[in-house]
Structure formats: structure tokens, C-alpha cells
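Descriptive analysis of the structure
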Amino acid sequence: MSIETQSGVAPAEPATPVADQPVRHLESGELRALVDVAHDLAVSRDAEALLAVIARQGRRLLGAPVGFIATVSEEGPAITVRAADGFSADFGFEPCPAGAEPSGAAVLESSRPWSTPDIQDEAGASAGPALRALAQVEGVRAMIAVRLGQVRGSRPCRSATVLYLADRRARTFTENEHIQLVSFARLAGASMEKTRLLDVVIARLYGIEQQSARTAADLDRAQNLHLVHYELIDLAVARGDAQAFVDEAARHIGGIVQLCRADGVVVASSGGTVRRRPATGEHAAASGRKPVSLDDRTWVIPVLAGGHRLGSLVVETDALLSVPDCQELPLIGQAAAVLLRQQDGGSDALARRAVLDEMITTQRPSEGLVERSRKLGVDLDRPYVVLVLRPDGVSSYWAAAWAAGFAVRCSGLFTVHDDDLVLLLPSDTDPAVQARTIAEETGALFGRPVTVAASNSTTGPDAVAARYRQALRCLEVIIMMNFGGRGASVQELGFLPLLLAGRDGIDQFIDSVLRPVLDYDLRRRADLVRTLEAYFQAGGSPTNAAEHLHMHPNTVTRRLDRVKKLLGADWQDPSRALEIQLALRLHRLLTEL
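Residues numbered from 1 in each chain as written. Predicted model: local features only at pLDDT ≥ 70, side-chain atom pairs only at ≥ 80, totals over all residues. Heavy atoms only, no water.

Thoughts on the pairing of strand β14 (residues 420-426)
Extensive coverage of β14 is indicated by the burial of seven of its seven residues. The pairing of strand β12 (residues 384-391) with β14 spans six bridges and is classified as antiparallel. Across the sheet, residue Leu387 finds its bridge partner in β14, namely Leu423. Hairpin connection between strand β13 (residues 413-417) and β14: a loop of two residues separates the two successive antiparallel strands, and Asp418 in this loop has a positive phi of roughly 55 degrees. (Buried < 20%, exposed > 50% of the residue type's maximum accessible area, 1.4 Å probe, protein only. Helix = DSSP H or I, 4+ residues; strand = E, 2+ residues; numbered from the N terminus. Pairing = 2+ DSSP bridges.)

In C-alpha cells:
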């Protein structure tokens, strides 16, 4: 047999009937005793305290002076005492001497108790040397043992928790005491399993609590990193002051911060001199995306724009950096990249902004303005679209910096007009798709809703100002309809932007829909406008329209054929027909007033 460690508890298993268990009803006194025992076992929650209660209640149940609980195993030393009641004060719960334990084997194989009337004589020889040695130390003679819990399945267990009860006089344990002890052992085994499961649940709950605390701490760190990143980016964009930037970065990190260009020239330093100035090769080693540690307190942070190295930050900290502090280093490097990129690309951004500013305020751009656009990589002979963005609650400096970089990447122009961002971009896709894509991307970038409106696609420099006004009206309609934070195009909104723009917009709408017909009537006195009105009033019937106009149906048909040539073959499509009817009514209203 073997010793289990003192912390080991044999797992409980599903009960199986014991074929050799005698059937007998417990007496009322025995039942009351078991009820008292069940109460004591139910209120015990600690595993070790529960074992002590089981040992004490087992003694009371059989009137035994000594009781102890041990783990019995088939391997290793013999048995290990885990709880005792009635032992001598100096026993100390030491493991019993090693040796084979037939009594242990008996309780491992069956739920029935093993007992001996006198362990000191020949009748108790089956107890084995370990129990006999313990009995000699304690001066006990009669002994009974039962497994706590029940045998599982057909195969015997390799280890079990066993209750031993002993008397200091020789006695024979009756069959009733055997049955009563079996009932007690089952009840105690159930309590042990309940306590074990409760310990498992408590441990899992504690683990969940610890994980929740770690998650909350990680969230706090992430929010703090986001705040630091935002503040540094805003500082780099808003002021473009390298000295103010490194001073703020040094305050967050705690130490000295130097910003260097790619050639190693120090652009700004937060004060003092770094203890170890990186060599040229060490600067080059930081050309990857991760910070490089030169020693315990000195770091080189790469400053990158895309894959291009703009420079590096040298940081010497006052103390060793924690893991969250190390996570700040790449964010500071990104903010420094914005600062250096702004300094390098400042003249280009000013040129793009000046060109578009002049275009949207000039009806006929000069040849020089068109040539300047070509030098910036913008060909106005290709289809383009004008987009107006309204980023509510976003720093104007940060928004302008984003627009400048975006215009360069897309071979376009940008400016800021009346706190709105204005972009002129090549129109390679549907303007509505461009507007929605930019609204989603900028909203995610700024963390605030961005409303975007796109004009119709066109070509030529003369239409830039008109397309800007068109997109601006579209933007105002989107906001008026409570669709802020989304992207849409003029084509999607139809005639709404024009109608809501006042008298000028109404005139533009009538011209855009009816101008060919109006001009034809003015030149030929063909009366096409009145014919169209009668046609729509007659529900689209040329015959009924002819009756209303008091003319032959063929005359109406010829006039409608002329309308088809002037307005296009799709003039009777539902959407076009609606626009034509609305334009006709507005035209009559304006001419009659």
C-alpha cells in the first residue's frame, strides 16, 4: 500500500449497489443520531475541518474512544493520517510506518467495513504492520474501518479516504454497528464531495474575479495609452513645435527625450544630455518598427512614415520602464512621425491648399492655376469629384493634417473652408461610394462622426467652384435630415439640394431639367411646355391631352417626339417624369407670380 500526500483527497465516484449489504431498518434513536450527524456535516465548509467533524461524529456514533481518517493507496508507503479525534496530544499526525495493509485493500474493494476485535492478537494480524504499530502507540485494540463514499463500478479504486474507529479494549462490532457505520460513511462521503465541488466553484469564481480585475486594469491602461497618443498627436499637429512635443513626451515617460532626424541631427531635446548618445549604427538598428533597448534605461524609438524612416527618438528614463510604459514608446514614435512629416511636407500642403482655395472662389481659373495643379500631380482633364467633410468635435489642426496626407496619397487637392474640409479627388468610382468610404474611415480614425457629401463627377477646371457649391448644399441637406455621420452624393439626393438652396437653387433645378425645352419654345414658339403640362395632366395620354388643347392628336404626338429629342429617350421614366413635372410646376409658379 502507499501514502497519499496530506493534501490529497480521493475523488468521489457514482455509487453502485453493494450485493452483500444486509437489509435492515434503522431504529429511531439511530435515525436521530444520523440526523444530528447530517446537520454537523452540512454546516462544515472547509475540507480539513469537515474531516475532523467526520472523525468526531464517527466516534460518537459507535462510542469509540479513538477515531482518525487516513488516505489509503495501493502504491508507496502505507497510510497517511489526515484528521484524528481522541489521539494522544503528541501524536502529531505523522505517517504510519510503511508496510502492506490488508485492511486498506479491503476497504478499497468494498463499501462494507473491515473490523477486528483485537488488533494486538492473532485475530488482528490482517491489519498489517502499519496499523498494528499505530495501535501499539495509542494502546488501542478493537478497530473498524470503512471507506468514505461508495465503490465505483466493478473495478476497485487505487486510493480512498478511510475512517478508522478504535477502542482501547477488545470488542466485537455488531452487524447493526456495521450497517450504521455504512450509512454514516455514505453521508460523510456525500458531504466531502459537496465540499470538494464547492472548493472547485470558489476557486473558479476567484479565478474569474482575478481575470476580471486584470481585464479592467488592461482596459484602463489601453484608455490611458489612447489618451496619451491623442494628446501627443494633437500637440504635433496643432503647434508643430518640436520642443513642446519632446517636453510633453518626457513628462509622460519620465526622463530625457531627444528627437533626431534620419541623418542623426538633433531637432529638439527635453533638457539635459542623454547619458549614452547612440552611435550611427545604433540609430540604423532602430530602422525597424519596434523600439531598441541600448541598456536598462536607454531606448531608441524609430520614427517612421509608412516604410520610410524619418528619424528616431532617443529616450533615457529616470527608472526602469514597466510593461505599460514600454507600450507608450511606439505611440510616441508615431506622434513624432506626424511632427516630422508635417515639417517636411509643409510647403507641399500649403501649395495644394492655396490652389484649391483659389479654384473654389474663382469662376474661371487662370491658366497659371491649372499649371500649378499639374505640378502637384492633379490633372483636371480627368474625371474628378469634390467632397466636403464636416468632422464635428475634431481638432481643426488634426483634421487638416489628415486631409493633407490623404490628398497627397490620392493625387488630389485639399483645403479648409468655413471649418469644413474640402477635397478634390480623382473620381475612379461612384461618388456615393467614395463619400461613404471616407465617412467610415475618418469616423473610425477621429473617434467622432464625420459627415461627407460628394458632388457629381465632372472634368475641367471651370466646374470646380460649381461642384463645391453643389457638394456643400448636399452636406447641408444630409445634416438637416438628421443623417449626420454618414456619406452621400448629390446624385443620391436628387433635386433636394437644389430645392432647399432658395431661389437660386430652384432656378438651377428648372434649368437643369427644362432648359432645352424652354430654349426651343423661345426660338420657335412651339408651345412644348404647355403640351407637356397637358400630357401629364391627362395621365400620359396624347389623345386626352389633344382634347384639352383643342388640337389634333397627331400634333400632340409630333410635339412629344420633339420633347424626346430635346430631353432624351428616358424622359418618361418614373424618376425623370417626376423631376419634369416638378420643374414644370415651379416654372409656372415663378412665371405667374
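Back to the text.
Overview of the sheet that holds strand β8 (residues 266-269)
Taken together, the five strands give an open sheet; going across it, the order is β8-β7-β11-β10-β9, and neighbouring strands pair in antiparallel fashion. Two strands bound the open sheet, and with one partner strand each, they are β8 and β9 (292-293).

Quick notes on the side chain of Thr442
Assignment of secondary structure puts Thr442 in helix α12 (residues 431-446). When its relative accessible area of 1% is taken as the criterion, Thr442 is described as buried. A polar side-chain atom of Thr442 sits 3.4 Å from the main-chain carbonyl oxygen of Ala439. (Polar contact = N/O pair within 3.5 Å; in protein donor to acceptor, adjacent residues only side chain to side chain.)

So, the packing of aromatic side chains
On inspection of all chains with the given rule, the structure shows six aromatic pairs. Judged by centre distance (5.5 Å) and plane angle (65 degrees), the rings of Tyr535 and Phe536 are edge-to-face. Phe536 carries the same exposure label as Tyr535, and that label is buried. With a centroid separation of 6.3 Å and 75 degrees between ring planes, the pair formed by Phe536 and Trp571 is classed as edge-to-face. Of this pair, Phe536 sits in helix α17 (residues 528-537) while Trp571 sits in the loop between α19 (553-567) and α20 (574-592), placing them 35 residues apart in sequence. Each member of the pair Phe536 and Trp571 is classed as buried. One aromatic cluster is present, formed by Trp402, Phe406 and Phe446 through successive ring pairs. (Phe/Tyr/Trp six-rings, centres within 6.5 Å; stacked < 30°, edge-to-face > 60°.)

Section: the sheet that holds β12
Taken together, five strands build an open sheet; the order of strands is β13-β14-β12-β15-β16 and the sheet is mixed. Unpaired on one side and paired on the other, β13 and β16 (487-489) mark the two borders of the sheet. Taken pair by pair, the neighbouring strands of this sheet meet at an average axis angle of 20 degrees, ignoring direction. As judged from the three bridges shared by strand β15 (residues 450-454) and β16, these two strands associate in the parallel manner. Paired with Ala454 across the strands is Ser489, a residue of β16. (Axes fitted to C-alpha atoms, helices over the stretch in contact; angles between N-to-C directions.)

So, the packing of α17 against α19
Running from N to C, α17 and α19 point in directions that differ by 105 degrees, and their axes come no closer than 10 Å. When the interaxial angle is binned, α17 and α19 end up roughly perpendicular. Counting all contacts with α17, which are made through Leu528, Thr531, Leu532 and Tyr535, the residues of α19 involved are Val556, Arg559, Leu560, Arg562, Val563 and Leu566. Tallied by class, the residues present in the contact of α17 with α19 amount to seven nonpolar, one polar and two charged. (Parallel < 35°, antiparallel > 145°, perpendicular 65-115°, else oblique. Contact = heavy atoms within 4.5 Å. Nonpolar A, V, L, I, M, F, W, Y, C, P; charged D, E, K, R; others polar.)

Focus on the nonpolar core
General note: in soluble globular proteins, nonpolar side chains tend to be found buried as a group. Judged by nonpolar contacts, the single largest core of 47 residues is most densely connected at Leu259, Leu387, Leu389 and Trp402. With near-sequence residues (within four places) excluded, Trp402 lies in contact with Leu389, Arg409, Leu421, Leu423, Ile438, Thr442, Leu445 and Phe446. One finds Leu528, Val529, Val556 and Ile580 within the second-largest nonpolar core, a separate group that totals 26 residues. (Core = buried A, V, L, I, M, F, W, Y, C linked by side-chain atoms within 4.5 Å.)

Overview of the side chain of Asp420
Its place among the elements puts Asp420 in strand β14. When neighbours within four sequence positions are excluded, Asp420 is seen to be in contact with Val388, Leu389, Arg390, Thr415, Leu472 and Leu475.

Focus on the pairing of β12
β12 sits mainly inside the fold: seven of its eight residues count as buried. Of the strand pairs in this sheet, β12 and β15 are connected by five bridges, and their pairing is antiparallel. Counterpart to Pro391 in the pairing with β15 is Val450.

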